[in-house]
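This is what each chain is made of:
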Amino acid sequence: MPASMPATKQVILMKKIHLLLLKSFIRPFIVTFLIVMFVLLMLFLFKYIDDLIGKGFEWYIILELMIYASATNVAMALPLSVLLSSIMTYGSLGENYELVAIKSAGISLRRAMYPMLIVIAILSVSAFLFSDYMLPKANLKYYSLLYDARQQKSANFLPEGVFSNSFPGASIRVKRKDADGQTLHDIMIYTKNTTDNNTEVLMAKSGKMYRTPSGKFLVLKLEDGIKYSETPGTSAFNPRQRLTRYRFKETEQKFDISGLSLHRTDENEFKSALQMMNLKQLKDNQRLTKRQADSGVKANYKLITGYVKYYSMSKSSPSIKNPVRGNNDVFSGLQLNEKLSSLANATSEVRSIQDLISNRSDRYKDLMQNIRRAGLEYQKKFTLSAACIALFLIGAPLGAIIRKGGLGLPVVVSVIFFLIFYIITTIGEKSVKDGDVSPVVGSWVAIFIITPIGIFLSYKAATDSAIFDMELYKRFFNKIFKKKVSS
């Protein structure tokens, strides 16, 4: 900044620049965040569309599920929005030569990024609080409601051409339905009355169906049909069944459909999942599981030691050699039948030990995998905040270098870097679950890789490096090809 400028003017200028940067960042951030959330929400609907459509849910059930799904998508949408909005902000400033004006006023790019770093730091702290307090509750609501929705039976009570067993004690077949979905043709109803021990068959040419206002019953208003009823004899002297038949012009049949409504499972049954826990609960889960694994190892050792036999050379039996002292023939001095008996006993004990260890080993592996998963979820509470900062360190200098605003080139560049970040994160998490690396390394490997890249890009942007100048690369390759041709 020029030394001749008064201090008051310098302060006013810095405030204006910081305010300009904040306004330029907040609006793109909100827009990109909403766009990313919308895209992720559409992916959720495409994934579970078959489990939600045609089950007669009320509109507020679908809305509630979408709200919870949006909350669970924040962990992916927030870092991508920070990256995209930072590239758009600084790219737009560079495209309009506003960054040049800021630098000409004596303000470096690093100093101009200070207010943005404060905003990102506040955003990171908010992301941590969200992931620790709000996200476990949102996951609990989301997964419990999604489970109940997927378990819900279809609201298409009467499909065409097949017998529907959705109603207790009845089986209904409709040959054809009109376009309105309520007018029915060629209806057949089998009803089994266990109380009176009789069977009824009803056939009608046409009818209409509708629900009662309470939604607990389905009413079929049938026309022009016949009903057959079969009942047992009235006494032991007359055991023959009686068949009753009568025709009707119009009748109604009511069926209970309260069992087809959405039944909510107790949310406490889902609280044991790691996604529904905060930091304290995850730490307690790790300690408890580690204690179970350690106690299991001690119990296994006590069980196995009972099968282990220790042989020592007896001074009074010189014919039996000591295998520890170099002679591996433990059968010396034994008859053939004694050798075979010893081998059979040893084989039986080995099989017993193998069966014992195999079952307990699977249990131990499950416990250790649960410990690793809990550690991974614990670290993910922090990596969300760190990802926002690391991706901002990439997005801000990239925008200043490429000098392009809008949703064109910035979207392409940000998606490429975010895919790299997401792929590395996925590989790290999979390695943790497989037990190849520790939860700390697997969770932070993507941050450790992209942070140096962000620092490098920040240095290049501060020194006005033409890292994306295609003419520079063309001249470089032309020089190389000319040297090859001349040689």
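Look up a bit, the structure's there.
Residues numbered from 1 in each chain as written. Predicted model: local features only at pLDDT ≥ 70, side-chain atom pairs only at ≥ 80, totals over all residues. Heavy atoms only, no water.

### Some points on the overall build of the chain
Stage number 1. The number of helices and strands found in the chain is 11 helices and six strands.
Stage number 2. Taken over 487 residues, the chain has a buried fraction of 36%.
Stage number 3. Accessible area of the chain: about 29800 Å², with a carbon and sulfur share of 60%. (Helix = DSSP H or I, 4+ residues; strand = E, 2+ residues; numbered from the N terminus. Buried < 20%, exposed > 50% of the residue type's maximum accessible area, 1.4 Å probe, protein only. Areas by Shrake-Rupley, 256 points an atom, 1.4 Å probe, with all protein chains shown as cover.)

### Description of a nonpolar patch on the surface
Stage number 1. A cluster of nonpolar side chains, V31, I35, F38, V39, L43 and F46, forms an exposed patch at the surface whose accessible area comes to about 600 Å².
Stage number 2. Of note, F46 is situated in helix α1 (residues 7-52).
Stage number 3. Using a relative accessible area of 60% as the deciding quantity, one classes F46 as exposed. (Patch = residues over 30% accessible without salt bridge, like charges linked within 9 Å, V, L, I, M, F, W, Y side chains within 5 Å. Salt bridge = Lys/Arg side-chain N within 4 Å of Asp/Glu carboxyl O.)

### Some words on the nonpolar core
Stage number 1. Of all hydrophobic cores here, the largest spans 49 residues; its most connected members are L21, L78, V82, Y90, F392 and F421.
Stage number 2. For this core, the secondary-structure elements that each account for two or more residues are α1, α3 (74-95), α4 (98-104), α6 (114-151), α8 (336-402), α9 (409-434) and α10 (439-462). (Core = buried A, V, L, I, M, F, W, Y, C linked by side-chain atoms within 4.5 Å.)

### Thoughts on the packing of α8 against α9
Stage number 1. Running from N to C, α8 and α9 point in directions that differ by 160°, and their axes come no closer than 11 Å. If you check the angle between α8 and α9, you find them roughly antiparallel. You can see that α8 and α9 cross each other, and the crossing is right-handed. Of the residues in α9, those in contact with Q369, R372, R373, L376, K380, A387, L391, I394, L398 and I402 of α8 are L409, V413, F417, F418, F421, E429, V432, K433 and D434.
Stage number 2. Of the residues contributing to the contact of α8 with α9, the split by class is 12 nonpolar, one polar and six charged. (Axes fitted to C-alpha atoms, helices over the stretch in contact; angles between N-to-C directions. Parallel < 35°, antiparallel > 145°, perpendicular 65-115°, else oblique. Left-handed = near helix turned anticlockwise from the far one by under 90°. Contact = heavy atoms within 4.5 Å. Nonpolar A, V, L, I, M, F, W, Y, C, P; charged D, E, K, R; others polar.)

### Structural notes on α3
Stage number 1. For α3, which comprises 22 residues, the first-to-last C-alpha distance of 30 Å matches the rise-based estimate of 32 Å (1.5 Å per residue) to within 8%.
Stage number 2. Backbone geometry just after α3 places Y97 at a positive phi near 60°. (Expected span 1.5 Å × (residues − 1).)

### Comments concerning the pattern of salt bridges
Stage number 1. Under the defined criterion, the tally for this structure stands at nine salt bridges.
Stage number 2. When the shortest N-O distance is used, the salt bridge between D178 and R176 registers 3.5 Å.
Stage number 3. A salt bridge links K221 to E250; the nearest nitrogen and oxygen atoms lie 3.8 Å apart. Residue K221 is located in strand β5 (residues 217-231), and its partner E250 is located in strand β6 (residues 242-256); the two are separated by 29 residues in the primary sequence.

### Observations concerning the packing of aromatic side chains
Stage number 1. As enumerated under the stated definition, the model contains 12 aromatic pairs in all.
Stage number 2. With a centroid separation of 5.7 Å and an interplanar angle of 65°, the aromatic rings of Y147 and F270 are classed as edge-to-face. Taken together, the residues Y147 in helix α6 and F270 in the loop between β6 and α7 (279-305) connect sequence positions 123 residues apart.
Stage number 3. Y147 sits in the partly exposed class, given a relative accessible area of 40%.
Stage number 4. Their ring planes at 40° and their centres at 6.2 Å tell us that F418 and F421 sit as a pair that is tilted. Note that F418 and F421 are positioned in helix α9 at a spacing of three residues, about one turn of the helix. In terms of burial, F418 and F421 fall into one category: buried.
Stage number 5. Put simply, the rings of F44, Y48, Y142 and Y143 touch in pairs and so form one group of aromatic residues.
Stage number 6. Taking NZ or CZ as reference, K283 lies 5.0 Å from the ring centre of Y378, over its face. (Phe/Tyr/Trp six-rings, centres within 6.5 Å; stacked < 30°, edge-to-face > 60°. Lys NZ or Arg CZ within 6 Å of the ring centre and 35° of its normal.)

### Let's talk about the environment of I423
Stage number 1. By the element assignment, I423 lies in helix α9.
Stage number 2. As a C-alpha pair, I423 and A446 span 23 residues in sequence and 8.6 Å in three-dimensional space.

### Observations concerning the pairing of strand β2 (residues 170-177)
Stage number 1. Alignment of strand β1 (residues 163-164) against β2, held across two bridges, turns out to be antiparallel. Along β2, the bridge assignment pairs F163 with R173. (Pairing = 2+ DSSP bridges.)

### What to know about the environment of K280
Stage number 1. With respect to the helices and strands, the residue K280 is situated in helix α7.
Stage number 2. Measuring from C-alpha to C-alpha, the distance between K280 and D132 comes to 9.3 Å, with 148 residues separating the pair along the chain.

### As for the side chain of D132
Stage number 1. If you trace the backbone, D132 turns up in helix α6.
Stage number 2. No salt bridge is formed by the buried D132; the nearest opposite charge belongs to K381, separated by 5.0 Å.
Stage number 3. If we skip the residues at most four places from it in the chain, D132 touches N278, L279 and K381. (Lys, Arg positive; Asp, Glu negative; His and termini not counted.)

### Side note on the packing of α3 against α9
Stage number 1. Look at α3 against α9: their axes get within 9 Å of each other, and the N-to-C directions meet at 145°. In this structure, α3 meets α9 at a crossing whose hand is right-handed. Side by side, α3 and α9 meet where M76, P79, L80, L83, L84, I87 and M88 of the first sit next to P410, V411, V413, S414, F417, F418 and Y422 of the second.
Stage number 2. Residue classes in the contact of α3 with α9 are distributed as 13 nonpolar, one polar and no charged.

### Side note on unusual backbone geometry
Stage number 1. Backbone geometry places D186, a non-glycine residue, at a positive phi of 55°.
Stage number 2. You can see D186 is positioned in strand β3 (residues 183-193).
Stage number 3. Residue D224 is not a glycine yet carries a positive backbone phi of 55°.
Stage number 4. Mapped onto the elements, D224 comes out in strand β5.

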